[in-house]
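Structural features, examined
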Amino acid sequence: MDRTKKLHIAMFPWLAYGHTMPFLEVSKFLAQKGHRISYISTPKNISRLPKLPPLLSSNITFVEFSLPQVDGLPPGVESTAEVPIENVPYLKNAYDKLRGPLTEFLKNSNVNWLIHDFEPYWLPGVAAPLGINLVLFCLFNATALAFMGPPSALLGEFRKRPEEFTVVPEWIDYPCNVALKHHEIVNHIKCMDDVSDFQRMGQLIQGSQFVTTRACFEFEPDEIKLLIKLYQKPVVPVGLLPPSLPSNEDKRDDKWEATKSWLDSKGEKSVFYIALGSEVSLSEESMRQLAFGIEKSNLPFIWAVRKRPMGEGLIDNIIPPGFEERVSNRGLVLKDWAPQLRILAHSSVGGFLTHCGWSSIIEALKFGRALIVFSGASADQGLNARLLHGRKVGIEIERNEMDGSFTSDLVAKTIRQVLVEPEGEAIRANAWAMKEIFDNEELSNNYLDGFTRFIEDISFVEFSLPQIQGLPAEVESISELPIDQIPSLTKAYDKLQDPLTEFLKNSNVNWIIHDFAPYWLPRVATLLGINLVFFSTFNATSFVSMGPPSALLGDLQQRPEDFKAVPENLCNIAMKLHETVNYQQCMDDVSDFQRVGLLIEGCQVVTMRTCFEFEPDEVKSLIKVFQKPVVPVGLLPPSLQCHKTRIKEMINVHMHQLAFGIEKSNLRFIWVVRKRPVGEGQMDDIIPPGFEERVSNRGLVLRDWEPQALIVFSGASADQGLNARLLHGRTVGLEIERNETNCSFTSDLVAETIRQVMMEPKGEAIRANAWAMREIFDNEELSNEEL
């Protein structure tokens, strides 16, 4: 996209001050870049926002939608701070009713991007017909998002009981102590309506073009990398968005002068500050224990106490009687609102007793304040509590796992540990060191710059797949079809030539990186002066076997038998007869070989998923054969993860013989079995009757979805057969012997091969070679160098 073109970007935050402010900060940065911003919220939430700098006011427009009234929501309520936690579902119901006015606004506003929060699960259905790109902007950190898991977990049927949220999930692939306590997930469930927060998140991750989160690699490197794998789409951190201190002219800081005078009279880092956010509502007993613990600490403090929502109003009497009088010589209680950022910035403050809202954590660590950790109302706050405790920048107050109760003695003990005891020295030092990240303005601006460039430079363009005879409605991928119907999908794909051409005519594209199928692209690109890169997901060995474009386009390989010959200088790599016959079933009038040949001839560069370390001779051979640059992109290895991933290719095998062979091996196994596409439906009965019962003590059958695993078996496409020869030849695997003509095999051969590979002495070299391959295939640095 031309950087001189300015975008119209709409912002749509959730109805909570901790969400509206970060959305405003991002709005201001985008407006500084010259983009037009429409900030959408309700009147009361917009009125709470600070005034804009004069230079930005012309680029940011506040769009007010009146919040619809719903049963159960008191009149005039527009944010989570105004209702007790059990009434938040009514606020979500009202928020969902903004769909109508938002849709009308978007129809008439020429919005390019809509940056939204985690609640409006219905947005993809609104944005897609209008051609608007979506960005899910999560105010949670990457740790919390990683705990929540991939969309399949958020939308799935597991983790239904509270107990399932109290353990570290299986997809976390780095050392981690982050999980919820029983009382935290129970409290969070109270604030969910018929569409849970997890379902909302899952649908929005799937429906957005990319996800951004209030995080940075300097603090959460492993967590962000995992999110990219879990979501299978770009995750672009926006940085921590640390707030700036308000100016001296800010009239909201009327209380500051008196508070500052009180702090000036205290010693350096001697005071701790207490604030539980706008949404935490403790029981009377919990307030008593907290107050008495603060009192027993015998340390100076400032406590910001908000009125507590109750029913349709707010109540004041939440501090135990007599408390303020007893601590008046060393404690200051601020009612309803406090200049939190100014307080945390004062040199007399050494610690912060926090509910673990991410905004409050960022504010505290911006000034290096050690944390007394007390998780609040929402699930992410509990996860933040574990994160801070694990990173040794705070100590969590011990609480009962089931009901969240605690004692005043434990409160006092934790406060003193963090603030003054020798055992808290490391905590204080670690928190102070965090200023390098959390108070780094240059770092923050770099992340915002990167986020802005992503919006400016990347557009997701959707073309509806044309309907043709023989292709079932709504089918858009080969995983939804039996092999003999793939030609109909190929024909529909070819009909995208016209909409793609129209797009290219008006888009100033310099390069197109394309796959093996659109053989018509060179004609289109040449007329428009666009360069082409053929990106193949096959390896170099498969390409060498196919030969030069002259072979792919000529008459040399017309009969299935022609593909059985081993190409010159290519060891034992050739296709079996049954593999060629099966593969030809999925080709239409223009064969895959012709498509590849035309695209190799028409592109400027060929790249593929391989590396010199694994296929040095093959890559060099291709450069000679193609007579143009061949640039390996690396292996793009996925990291080990246990989230759910779909098996994309149908394996056409004799299921009974395979099953009996697995059974006869007498070894433990996991077998991933996908529903088989048949006509316009799918059939399940592909495992022999009684098999699962007979092997139940040593085998696990997973249907349709699989946790990350690799099972090598020559399948339906040509490259799979070639890969089978390659692995066998490299002695990292052993191929099951099959009939050359009809691909039949026996269960005895299956069992024999399994046992050879897994445990027989003759398979020792195979096991050793496969293990050694980790140096190449699990080398992230090598992969990044190739990219």
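Refer to the preceding data block for the structure.
Just so we're clear, the structure is a prediction, and the values are computed from it rather than from any experiment.

**Topic: the sheet that holds strand E15 (residues 511-514)**
One open sheet accounts for 4 strands, arranged E15-E16-E17-E18; its pairing is parallel. Edge positions in the sheet fall to E15 and strand E18 (630-632), since each of these pairs with one other strand and no more. Shown here is a sheet whose adjacent strand axes are inclined to one another by a mean of 25°, direction ignored. Inspection of the sheet shows E15 paired to strand E16 (residues 531-536) by 4 bridges, in the parallel sense. For His514, the partnering residue across the bridge sits in E16 and is Phe534.

**Focus: the pairing of strand E6 (residues 210-213)**
Covered by surrounding structure in E6 are Phe210 and Thr212 together with Val211 and Thr213, the residues of both alternating faces. As defined by bridge partners, strand E5 (residues 133-138) adjoins E6 across 4 bridges and the pair is classed as parallel. Residue pairing for E6: Phe137 is matched across the bridge by Thr212.

**Remarks on the environment of Val630**
Secondary-structure assignment places Val630 in strand E18. For Val630, a relative accessible area of 8% puts it in the buried group. Residues Val630 and Val619 lie 11 residues apart in sequence; the distance between their C-alpha atoms is 7.3 Å. If sequence neighbours within four positions are ignored, Val630 has contacts with Val606, Met608, Leu622 and Ile623.

**Quick look at the packing of helix H13 (residues 284-296) against helix H18 (residues 408-419)**
To characterise two packed helices, one gives the angle between the axes of the helices and the distance between these axes. Between H13 and H18, whose axes approach to 7 Å, the crossing angle comes to 45°. With respect to H18, the axis of H13 lies oblique. Along this stretch, H13 crosses H18, giving a crossing that reads as right-handed. In this structure, H13 uses Gln289, Leu290, Phe292, Gly293, Ile294 and Lys296 to contact H18, whose residues at the interface are Ser408, Asp409, Val411, Ala412 and Ile415. A breakdown of the residues in the contact of H13 with H18 according to their chemical character gives 6 nonpolar, 3 polar and 2 charged.

**Details of the side chain of Thr143**
Mapped onto the elements of the fold, Thr143 is located in helix H7 (residues 142-148). Discounting chain neighbours no more than four positions away, the residues touching Thr143 are Val178, Glu220, Glu223 and Leu387.

**A word on the packing of helix H1 (residues 17-32) against helix H21 (residues 441-457)**
Taken N-terminus to C-terminus, the directions of H1 and H21 make an angle of 70°; their axes are 11 Å apart at the nearest point. As judged from the angle between their axes, H1 and H21 are roughly perpendicular. For H1 against H21, the interelement crossing comes out right-handed. Between H1 and H21, the residues in contact are Val26, Phe29 and Leu30 and Asn445, Leu448, Asp449, Phe451 and Thr452, respectively. Its residues placed into classes, the contact of H1 with H21 shows 5 nonpolar, 2 polar and 1 charged.

**A few points about the pattern of salt bridges**
The tally for this structure, following the rule as stated, stands at 28 salt bridges. A salt bridge links Glu401 to Lys181; the shortest N-O distance between them is 3.1 Å. Here Glu401 is found in the loop between strand E14 (394-396) and H18, whereas its partner Lys181 is found in the loop between helix H8 (151-155) and helix H9 (182-190), with 220 residues between them in sequence. For Lys181, a relative accessible area of 21% translates into the label partly exposed. Between Arg595 and Asp494 there is a salt bridge; the shortest N-O distance is 2.8 Å. Here Arg595 is found in helix H28 (residues 592-602), whereas its partner Asp494 is found in helix H22 (residues 486-494), with 101 residues between them in sequence. The exposure classification of Arg595 matches that of Asp494, with both residues buried. Through salt bridges with shared partners, a single ionic network connects Lys92, Asp96, Glu119, Asp197 and Arg200.

**Things to note about unusual backbone geometry**
Phi is positive for Lys392, which is not a glycine, with a value near 60°. Non-glycine residue Thr731 carries a positive phi angle of around 55°. Note that Thr731 resides in the loop between helix H32 (718-729) and helix H33 (747-758). On the accessibility criterion, Thr731 (32% relative accessible area) is partly exposed.

**Brief notes about the environment of Lys495**
Locating Lys495 in the fold gives a position in the loop between H22 and helix H23 (497-505). Lys495 sits 28 residues away from Gln467 along the chain, and the two C-alpha atoms are 9.3 Å apart. Sequence-distant contacts of Lys495, defined by excluding residues within four places in its chain, comprise Pro466 and Ile468.

**Focus on H9**
Within the span of H9, buried status applies to His182, His183, Glu184, Ile185 and His188. At its buried positions, H9 is contacted by helix H10 (197-207) and helix H17 (379-390).

**Describing the nonpolar core**
Formed by 132 residues in total, the largest nonpolar core has its most connected members in Tyr273 and Trp303. The element contributing the most residues to this core is H7, with 6 residues. When residues of this core are sorted by domain, at least three fall in each of domain 1 (8-243) and domain 2 (255-439). Core analysis: the next-biggest nonpolar cluster, separate from the first, contains 29 residues, Val26, Phe29, Val135 and Leu241 among them.

**Concerning the packing of aromatic side chains**
As enumerated under the stated definition, the model contains 23 aromatic pairs in all. Taking 6.3 Å as the distance between ring centres and 80° as the angle between the ring planes, the aromatic pair formed by Trp358 and Phe438 counts as edge-to-face. One end of the pair, Trp358, is in helix H16 (residues 358-366); the other, Phe438, is in helix H20 (residues 435-438), and 80 residues separate them in sequence. Assessed through its relative accessible area of 0%, Phe438 is described here as buried. Here Phe463 and Phe503 contribute two aromatic rings whose centre-to-centre distance is 6.4 Å and whose plane-to-plane angle is 70°, an arrangement assigned as edge-to-face. Taken together, the positions of Phe463 in the loop between H21 and H22 and Phe503 in helix H23 put the pair 40 residues apart, joining distant regions of the chain. Among the residues examined, Phe463 registers a relative accessible area of 32% and is labelled partly exposed. The class of Phe503 is partly exposed, set by a relative accessible area of 33%. Joined through ring pairs, the aromatic side chains of Phe12, Trp14, Tyr95 and Trp122 make up one cluster. Positioned over the ring face of Trp771 is Arg774, at 4.3 Å from the centre of the ring.

**Considering the sheet that holds E14**
Strand order in the open sheet formed by 6 strands is E11-E8-E7-E12-E13-E14, with parallel pairing between adjacent strands. Each edge of the sheet is formed by a strand with only one pairing partner; in this case those strands are strand E11 (331-335) and E14. Adjacent strand axes in the sheet meet at a mean angle of 15°, parallel and antiparallel pairs treated alike. With 5 bridges joining them, strand E7 (residues 271-275) and strand E12 (residues 349-354) adopt parallel strand pairing. Paired with Tyr273 across the bridge in E12 is Phe352. Across the sheet, H18 lies against E7, E12, strand E13 (370-373) and E14, angled at about 165° from E13, the strand it touches most.

Rules of the game
Residues numbered from 1 in each chain as written. Predicted model: local features only at pLDDT ≥ 70, side-chain atom pairs only at ≥ 80, totals over all residues. Heavy atoms only, no water. Pairing = 2+ DSSP bridges. Helix = DSSP H or I, 4+ residues; strand = E, 2+ residues; numbered from the N terminus. Axes fitted to C-alpha atoms, helices over the stretch in contact; angles between N-to-C directions. Buried < 20%, exposed > 50% of the residue type's maximum accessible area, 1.4 Å probe, protein only. Contact = heavy atoms within 4.5 Å. Parallel < 35°, antiparallel > 145°, perpendicular 65-115°, else oblique. Left-handed = near helix turned anticlockwise from the far one by under 90°. Nonpolar A, V, L, I, M, F, W, Y, C, P; charged D, E, K, R; others polar. Salt bridge = Lys/Arg side-chain N within 4 Å of Asp/Glu carboxyl O. Core = buried A, V, L, I, M, F, W, Y, C linked by side-chain atoms within 4.5 Å. Domains from an automatic or database assignment. Phe/Tyr/Trp six-rings, centres within 6.5 Å; stacked < 30°, edge-to-face > 60°. Lys NZ or Arg CZ within 6 Å of the ring centre and 35° of its normal.

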